[in-house]
Amino acid sequence: MFNIKNKITKDKKISKILKKEKIRQENQVTLIASENYVSNAVLSAQGSIFTNKYAEGKIKNRYYAGCKYVDKIEKIAIERAKRLFCVKYVNVQPHSGTQANFAAYSSVLKYGDTILGMDLSHGGHLTHGSDVNFSGKLYNFIHYKTNKKGEIDYSNIRKLAKKHKPKMIVGGFSSYSGDCNWKKMRKISNEINAFLLVDISHIAGLIIAGLYNNPIPYAHIITSTTHKTLSGPRGGIILSNHDDKNLFKKIDSSVFPGCQGGPLVHVMLAKAIAFKEAYGQKFKNYQIQVIKNVKAMIKIFKKENFKIVSNGSKNHLFLLDLRKNNVTGKEIEERLYRANIVVNKNNIPDDDKKPSITSGIRIGTPAITRRGFLERESQKIAKWIIQIIKEKDNLNTILNIKNKVYKMCKLFPIYKNK
Ligand code: DSN
């Protein structure tokens with residue numbers, strides 16, 4: 001599919017590991033919902049000479065000389081992102097989604113302020129107030145949960161908002177597969193005069209393609225990664241469509257000098273390339289197939305009476321609740337890995353197991369779809385997962401499936417050697 005140069009160094013020790021990682025990626029089925037494969041252009045951009053440059057500051061206002069071409073690249077990246085997301089403001093400097101959230105929170109809040117965000121086990125992210133993360137340590141996070149059906153419960157959000165009067169409500173998620181009504185979220189924010197920040201890291205690609213409710217018209221601030229459904233380089237962005245230019249200034253200075261030094265120029269270059277790749281029908285068709293593949297897999301799991309959190313999916317992922325199968329997420333993650341099927345264990349709502357064990361696994365289709373798998377392949381994988389869960393630790397089953405996975409992967413190479 002994409003071209004790749006395997007030999008990038010004469011350092012044998014490193015080359016060997018690089019080669020092995022390529023073989024691993026080629027021969028394993030990646031169902032980690034946050035992973036994807038980048039194009040050759042994005043891959044090359046990250047290994048380009050822009051990696052040599054320091055560029056602290058903003059376009060035309062840098063702390064180092066020699067930024068003439070960096071300025072051009074950052075400008076193109078910003079312009080392309082503005083067009084892609086239909087927004088007035090973009091910052092392409094955040095090194096990651098976590099950095100983007102850190103910068104966004106600190107642009108408008110003071111440490112200790114109250115924020116209302118989604119509970120981690122109900123689908124939220126570590127940076128949405130987990131007590132082991134900066135967000136939970138620096139801010140007073142209150143958490144909303146999904147209801148019994150596994151859907152976002154707006155009346156509960158309103159109740160918590162009125163009670164705790166947060167300065168910010170955080171929407172967005174990393175393991176929630178349902179819908180979200182952003183208009184309602186904004187209405188609740190307005191009622192308590194709070195900022196609405198939506199973290200679209202997981203669903204950015206689907207939003208661009210018009211396949212998931214778009215929070216951009218409603219949120220004051222939008223944060224995202226660029227490497228999940230968006231399929232660009234690992235990195236973060238911050239967007240806004242707010243009228244207040246002062247807000248944009250605050251975000252800019254919160255990113256730099258607030259919480260970052262020099263931006264990763266080679267990654268900004270790769271972001272610019274990825275944004276262009278996300279224009280148009282080809283990208284949209286890819287996102288449509290991501291969703292079709294999720295639905296195809298869910299159909300198989302439902303036929304076999306597996307429990308799916310939220311009872312289905314409106315995006316690129318779903319959670320299997322393994323409690324009635326009497327097995328933990330950790331055990332299944334390990335067992336599947338032995339058959340070359342890569343998933344991550346994931347807590348389910350109000351899980352009684354810790355995050356290193358869990359009662360569920362998260363399954364996502366962005367990566368398999370990117371390498372060309374359609375519904376047929378997705379359903380086969382779902383059947384193999386079911387067999388591995390049901391047949392316990394049967395070595396023959398695992399080896400037999402590993403062989404089938406290998407054969408399927410060979411038909412859908414990710415990177416061609418040049
Ligand atoms: N680690 C990412 C995920 O898997 O969802 C979020 O940061």
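A short tour of the structure in this document, coming up. Just so we're clear, the structure is a prediction, and the values are computed from it rather than from any experiment.

Re the side chain of T365
- With respect to the helices and strands, T365 occurs in the loop between strand 16 (360-364) and helix 13 (366-370).
- Excluding residues that lie within four positions of it along the chain, T365 makes contacts with V290, N293, V294, M297 and H316.

Regarding the pattern of salt bridges
- Tallied over the full model, the rule gives 18 salt bridges.
- The partner of K330 in a salt bridge is E334, and the shortest N-O contact between them spans 3.1 Å. Placement of both K330 and E334 in helix 12 (residues 329-338) is noted, with a separation of four residues, approximately one turn of the helix.
- Of the residues examined, K330 reaches a relative accessible area of 32% and is grouped as partly exposed.

Overview of the sheet that holds strand 6 (residues 114-118)
- If you trace the seven strands from one edge of the open sheet to the other, you get 5-11-10-9-8-6-7, paired in mixed fashion. With one partner strand each, in any of the chains shown, strand 5 (89-91) and strand 7 (140-144) form the two edges of the open sheet. Averaged over all neighbouring strand pairs, the angle between strand axes comes to 20 degrees, with direction disregarded.
- As paired strands, strand 5 and strand 11 (residues 236-240) are joined by three bridges and run antiparallel to one another. Pairing of N91 across the sheet is with I238, part of strand 11.
- Sheet strands in contact with helix 3 (residues 68-85) are strand 5 and strand 11, and its direction is about 130 degrees off that of strand 5.
- Together, strand 7, strand 8 (168-172) and strand 9 (195-199) form the strand contacts of helix 7 (residues 182-191), whose direction differs from that of strand 8 by roughly 170 degrees.

Some words on empty space enclosed by the protein
- If you walk through the whole model with that rule in mind, you get two cavities of 30 Å³ or more.
- When its volume is computed, the largest cavity comes out at roughly 50 Å³.
- What lines the largest cavity is H122, T146, G150, S175, Y176, S177, V309, S310, L319 and P349.
- A breakdown of the residues in the lining of the largest cavity according to their chemical character gives four nonpolar, six polar and no charged.
- Its volume calculated, the second largest cavity comes out at about 30 Å³.
- The wall of the second largest cavity is formed by V92, Q93, P94, H95, L264, V267, M268 and K271.

Thresholds, definitions, all that
- Residues numbered from 1 in each chain as written.
- Predicted model: local features only at pLDDT ≥ 70, side-chain atom pairs only at ≥ 80, totals over all residues.
- Heavy atoms only, no water.
- Helix = DSSP H or I, 4+ residues; strand = E, 2+ residues; numbered from the N terminus.
- Contact = heavy atoms within 4.5 Å.
- Salt bridge = Lys/Arg side-chain N within 4 Å of Asp/Glu carboxyl O.
- Buried < 20%, exposed > 50% of the residue type's maximum accessible area, 1.4 Å probe, protein only.
- Pairing = 2+ DSSP bridges.
- Axes fitted to C-alpha atoms, helices over the stretch in contact; angles between N-to-C directions.
- 1 Å grid on protein atoms, 1.4 Å probe; cavity = no way out; pocket = protein on both sides within 12 Å on 5 of 7 lines; lining within 4 Å.
- Points joined across faces, edges and corners; volume = space filled by probe spheres on them.
- Nonpolar A, V, L, I, M, F, W, Y, C, P; charged D, E, K, R; others polar.

Distances and angles like these do not, on their own, reveal function.
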